[in-house]
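Coordinate analysis (summary)
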Amino acid sequence: MTDKEKQLFEEILAYLKIERDVYGDFYPASDRSTTDPLKQCSTLEELKALCENSDVLKTDLEGTNLVFGVGNPNADLMLIGEAPGYHEDQQGEPFVGRAGQLLNKILAAIHFKREEVYIANILKHRPPKNRDPKPEERERSLPFLERQIELINPKLLLCLGRISATTLLSRDDSLKNMRGQFHPYLGRLLMVTYHPAALLRNPQWKRPAWEDVQLLREKYDELTGDH
Ligand code: URA
């Protein structure tokens, strides 16, 4: 086997291991729609119940709560952060700490009420010491988040921070390169901007973030006929 073949083999093996972790067994792709527990969830409540019982979503921090997501189940705009922190874990709701308060202000500045949009994270459990989600944790969570997106069916997505954007777009790039434009994502449009926690640490990024969310609001109005 050449080195390239070996690498490909290892990548396929790693992928199959994730499949087995998520689905409990290997299923031929053609059988997915009838046997896939995710596809069988036809409501957010069913998906939430599946998540409650899915150990694959957990991080190595024990005893954490599920932080499924919050907001309008029919939202046209869905926001995706990175992972719950201490307060989110305690309250079972995304973005309720300091970063969440800034997020509420950003939403209000572009005339959205928090209840009008839907907010979720790449991970549904808190990582220890708020470390970055590991690639394998992101891969295991992604099918659950993708089903959540399908069920909510938003027209627009806003990724908060690089981790969220690189996970959804399957692209390893800098936030600067990805922000400020709309990316096609499964028949929808996706905008990327700075994570509110990064804005708290780097106020000089508030201006470009403001430009991003104004573009987002314009696109939202265009797509939904709102004004
Ligand atoms: N940061 C995130 O990415 N998500 C949260 O829910 C809270 C803080």
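Scope of this entry: the structure provided in the associated data block.

**Thoughts on the overall build of the protein**
Within the protein, the secondary structure is distributed over 10 helices and 6 strands. Taken over C-alpha atoms, the radius of gyration comes to 18 Å for the protein, in line with the 17 Å a tight globule of 227 residues would show. Along the three orthogonal principal directions, the C-alpha set of the protein runs to about 55 × 40 × 40 Å. Per-residue burial over the protein gives 48% buried out of 227 residues. Taking contacts inside the protein between residues at least 6 apart in sequence as the whole, the part at least 24 apart equals 71%. Taken as a whole, the protein presents about 12200 Å² of accessible surface, with 49% of it coming from carbon and sulfur. Here the protein contributes 31 positive and 36 negative side-chain charges, whose respective centroids are spaced 5 Å apart.

**With respect to the sheet that holds strand 2 (residues 77-81)**
A sheet is described by the order of its strands in space; here 6 strands give the open sequence 1-3-2-4-6-5, paired in mixed fashion. Each edge of the open sheet carries a strand with a single partner, namely strand 1 (70-71) and strand 5 (182-185). For strand 5 and strand 6 (residues 188-193), the ladder comprises 4 bridges, and the chain directions are antiparallel. Along strand 6, the bridge assignment pairs Pro184 with Leu189.

**Comments concerning the environment of Leu200**
The topology assignment puts Leu200 in helix 9 (residues 196-201). Given a relative accessible area of 32%, Leu200 falls into the partly exposed group. Separated by 77 residues in sequence, Leu200 and Leu123 have C-alpha atoms that sit 21 Å apart. Not counting chain neighbours up to four residues away, the residues in contact with Leu200 comprise Arg98, Ala99 and Leu102.

**Topic: the site of the ligand**
Taken together, Gly81, Glu82, Ala83, Glu88, Pro94, Phe95, Asn121 and His195 make up all the residues around the ligand. Contact between the ligand and Asn121: a nitrogen atom at 2.8 Å from a side-chain N or O atom of the residue. Surface burial for the ligand is 90%, taken as the share of its 240 Å² of free accessible area covered by protein chains.

**Here we look at the packing of helix 6 (residues 135-152) against helix 7 (residues 162-169)**
Interaxial distance between helix 6 and helix 7 falls to 11 Å at its minimum, and their mutual angle equals 80 degrees. As far as their axial angle goes, helix 7 and helix 6 are roughly perpendicular. Residues Arg138, Leu142, Leu145 and Ile149 of helix 6 form the contact with helix 7, whose participating residues are Ile163, Thr166, Thr167 and Leu168. The residue inventory of the contact of helix 6 with helix 7, partitioned by class, reads 5 nonpolar, 2 polar and 1 charged.

**Considering unusual backbone geometry**
With phi around 50 degrees, Lys129 is a residue other than glycine that occupies positive phi space. Looking at the secondary structure, you find Lys129 in the loop between strand 3 (118-121) and helix 6. The phi dihedral of Leu186 falls on the positive side, at around 45 degrees, and the residue is not glycine. Checked against the element boundaries, Leu186 lands in the loop between strand 5 and strand 6.

**Description of the pattern of salt bridges**
Under the counting rule described, the total for this entry stands at 14 salt bridges. Its salt-bridge partner being Glu211, residue Arg179 comes within 3.8 Å of it at the nearest N-O pair. Linking Arg179 in the loop between helix 8 (175-178) and strand 5 with Glu211 in helix 10 (residues 206-224), this pair joins segments that are 32 residues apart in sequence. Between Glu222 and Lys219 there is a salt bridge, with the nearest N and O atoms lying 3.5 Å from each other. Of this pair, Glu222 and Lys219 are both found in helix 10, 3 residues apart, which corresponds to roughly one turn of the helix. In this structure Glu222 comes out as exposed when scored by relative accessible area, which is 56%. Each of the salt bridges in this network shares a partner with another, and the network as a whole consists of Asp60, Arg131, Lys134 and Glu137.

Rules used in this analysis
- Residues numbered from 1 in each chain as written.
- Predicted model: local features only at pLDDT ≥ 70, side-chain atom pairs only at ≥ 80, totals over all residues.
- Heavy atoms only, no water.
- Helix = DSSP H or I, 4+ residues; strand = E, 2+ residues; numbered from the N terminus.
- Rg over C-alpha atoms; globule rule 2.2 N^0.38 Å.
- Buried < 20%, exposed > 50% of the residue type's maximum accessible area, 1.4 Å probe, protein only.
- Contact = heavy atoms within 4.5 Å.
- Areas by Shrake-Rupley, 256 points an atom, 1.4 Å probe, with all protein chains shown as cover.
- Lys, Arg positive; Asp, Glu negative; His and termini not counted.
- Charge placed at Lys NZ, Arg CZ, Asp CG, Glu CD.
- Pairing = 2+ DSSP bridges.
- Near = heavy atom within 4 Å.
- Polar contact = N/O pair within 3.5 Å; in protein donor to acceptor, adjacent residues only side chain to side chain.
- Axes fitted to C-alpha atoms, helices over the stretch in contact; angles between N-to-C directions.
- Parallel < 35°, antiparallel > 145°, perpendicular 65-115°, else oblique.
- Nonpolar A, V, L, I, M, F, W, Y, C, P; charged D, E, K, R; others polar.
- Salt bridge = Lys/Arg side-chain N within 4 Å of Asp/Glu carboxyl O.

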